[in-house]
Amino acid sequence: MPSARVRTLTRSVPRQIRGHHRMVGRDAERPAVELLIEPMRRSDLPEVMAIEVVSFSVPWTEEMFGNELGPGTLAGALVARIPGAGAPPPVVGYICVWVVSDELHINNLAVHPRWRKRGIAGGLLRAALQHGRREGARAAFLEVRASNVAAQALYRKHRFDAVGVRHRYYTHPIEDAVIMCRMGL
Ligand SMILES: CC(C)(COP(=O)(O)OP(=O)(O)OC[C@H]1O[C@@H](n2cnc3c(N)ncnc32)[C@H](O)[C@@H]1OP(=O)(O)O)[C@@H](O)C(=O)NCCC(=O)NCCS
């Protein structure tokens, strides 16, 4: 099975996600990729937006991503890059989280369609969970469209369980949200 080997870079940004780890993703058909996971910067936003608009029917705006980047906030945002795929290495995915008290909230996660099924979302999720652990979170929460079987499978693989439903939570199209939770990070 192919793997996503992940190096997580550290930067001296307060409350940003820091750390260093390697991990293995699995995929039967696609080649292995090495990932670099690092804090999202303003200069990443054009690449992030290009992924966002092809991933969601109601995409976040650039301003919304910008609000996640301010120092001293509860927010953390990471991008994944493929070092071998260009110079500078392109952004192929991202995750945005908040740590509120002892809860990690996963607010956004997407991978460029060309780079899906190579363990990249798994790498981002693990890095975000590690960030949550460091910041004192003991549980993680998220909402996902009821029809989004790919994302739900991803989260189940990472020990999230469905714990509730928010009726008609999403628009375009109107749809329920499944609330998923992982107890213990
Ligand atoms: C959901 C998404 C983030 C997954 O990204 P990815 O990098 O392809 O995911 P990974 O390669 O890390 O997949 C890990 C696991 O997720 C599940 N998964 C991922 N894509 C899947 C698919 N198309 N169908 C079924 N399961 C899928 C599998 O369990 C997979 O494990 P496996 O490879 O051992 O089978 C990506 O499809 C995406 O960006 N979708 C659009 C945006 C979105 O839905 N975001 C989540 C909002 S809650």
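Residues numbered from 1 in each chain as written. Predicted model: local features only at pLDDT ≥ 70, side-chain atom pairs only at ≥ 80, totals over all residues.

1. Digging into the overall build of the protein chain
Logical step 1: On a plain count of helices and strands, the protein chain comes out with 4 helices and 8 strands.
Logical step 2: Starting at the N terminus and walking to the C terminus, you meet the elements of the protein chain as β-β-α-α-β-β-β-α-β-α-β-β.
Logical step 3: For the protein chain, buried positions account for 33% of its 185 residues. (Helix = DSSP H or I, 4+ residues; strand = E, 2+ residues; numbered from the N terminus. Buried ≥ 20, exposed ≤ 12 C-beta atoms within 10 Å, placed from the backbone.)

2. Brief notes about the pairing of strand β8 (residues 175-183)
Logical step 1: Alignment of strand β6 (residues 139-145) against β8, held across 7 bridges, turns out to be antiparallel. Its bridge partner being in β8, Arg-145 is matched across the sheet by Ala-177.
Logical step 2: Of the strand pairs in this sheet, strand β7 (residues 161-170) and β8 are connected by 6 bridges, and their pairing is antiparallel. Bridge assignment links Tyr-170 to a residue of β8, and that residue is Glu-175.
Logical step 3: Adjacent in sequence and paired antiparallel, β7 and β8 are bridged by 4 residues, among which His-172 carries a positive phi angle near 50°. (Pairing = 2+ DSSP bridges.)

3. Notes on the site of the ligand
Logical step 1: The environment of the ligand is made up of 22 residues, and the closest members are Arg-116, Ala-121, Gly-122, Ala-150 and Leu-154.
Logical step 2: Only β5 (103-111), α3 (120-134) and α4 (149-157) provide two or more residues apiece to the shell around the ligand.
Logical step 3: Here the shell around the ligand takes 6 residues from α4, the largest share from any one element.
Logical step 4: By residue class, the composition of the shell around the ligand is 11 nonpolar, 5 polar and 6 charged. (Near = placed C-beta within 6 Å. Nonpolar A, V, L, I, M, F, W, Y, C, P; charged D, E, K, R; others polar.)

4. Structural notes on the confidence of the model for the protein chain
Logical step 1: Within the protein chain, residue pLDDT values average 86, and 82% of them lie at 70 or more.
Logical step 2: Across residues 8-28, where pLDDT falls below 50, the model places 53 contacts with residues more than four positions away in sequence or in other chains. (pLDDT = per-residue confidence, 0-100. Contact = placed C-beta atoms within 7 Å.)

5. Considerations on the environment of Ala-146
Logical step 1: Within the secondary structure, Ala-146 sits in the loop between β6 and α4.
Logical step 2: In this structure Ala-146 comes out as partly exposed when scored by C-beta crowding, with 16 C-beta atoms within 10 Å.
Logical step 3: Separated by 33 residues in sequence, Ala-146 and Ile-179 have C-alpha atoms that sit 9.3 Å apart.
Logical step 4: Not counting chain neighbours up to four residues away, the residues in contact with Ala-146 comprise Glu-175, Asp-176 and Val-178.

6. Quick word on the environment of Ser-101
Logical step 1: Mapping Ser-101 onto the fold places it in the loop between β4 (91-100) and β5.
Logical step 2: For the pair Ser-101 and Ala-137, spaced 36 residues apart in the sequence, the C-alpha separation amounts to 6.9 Å.

7. Topic: α3
Logical step 1: Taking 1.5 Å per residue, 15 residues should reach 21 Å; α3 reaches 21 Å between its end C-alpha atoms and fits that length.
Logical step 2: Counting buried positions along α3 yields 12 of 15 residues, so the element is predominantly enclosed.
Logical step 3: Buried within α3 we find Ile-120, Ala-121, Gly-122, Gly-123, Leu-124, Leu-125, Arg-126, Ala-127, Ala-128, Leu-129, His-131 and Gly-132. (Expected span 1.5 Å × (residues − 1).)

8. A closer look at the pairing of β5
Logical step 1: Pairing between β4 and β5: 8 bridges, direction antiparallel. Bridging from a neighbouring strand, Gly-93 pairs with Val-111 of β5.
Logical step 2: Following β4, the chain reverses through 2 residues before pairing antiparallel with β5; Ser-101 in that reversal takes a positive phi of roughly 55°.
Logical step 3: Inspection of the sheet shows β5 paired to β6 by 3 bridges, in the parallel sense. Bridging across to β6, His-105 finds its partner in Phe-141.
Logical step 4: In this view, the connection linking β5 to its parallel neighbour β6 by way of α3 has right-handed handedness. (Right-handed = clockwise from strand over helix to strand, strands pointing away.)

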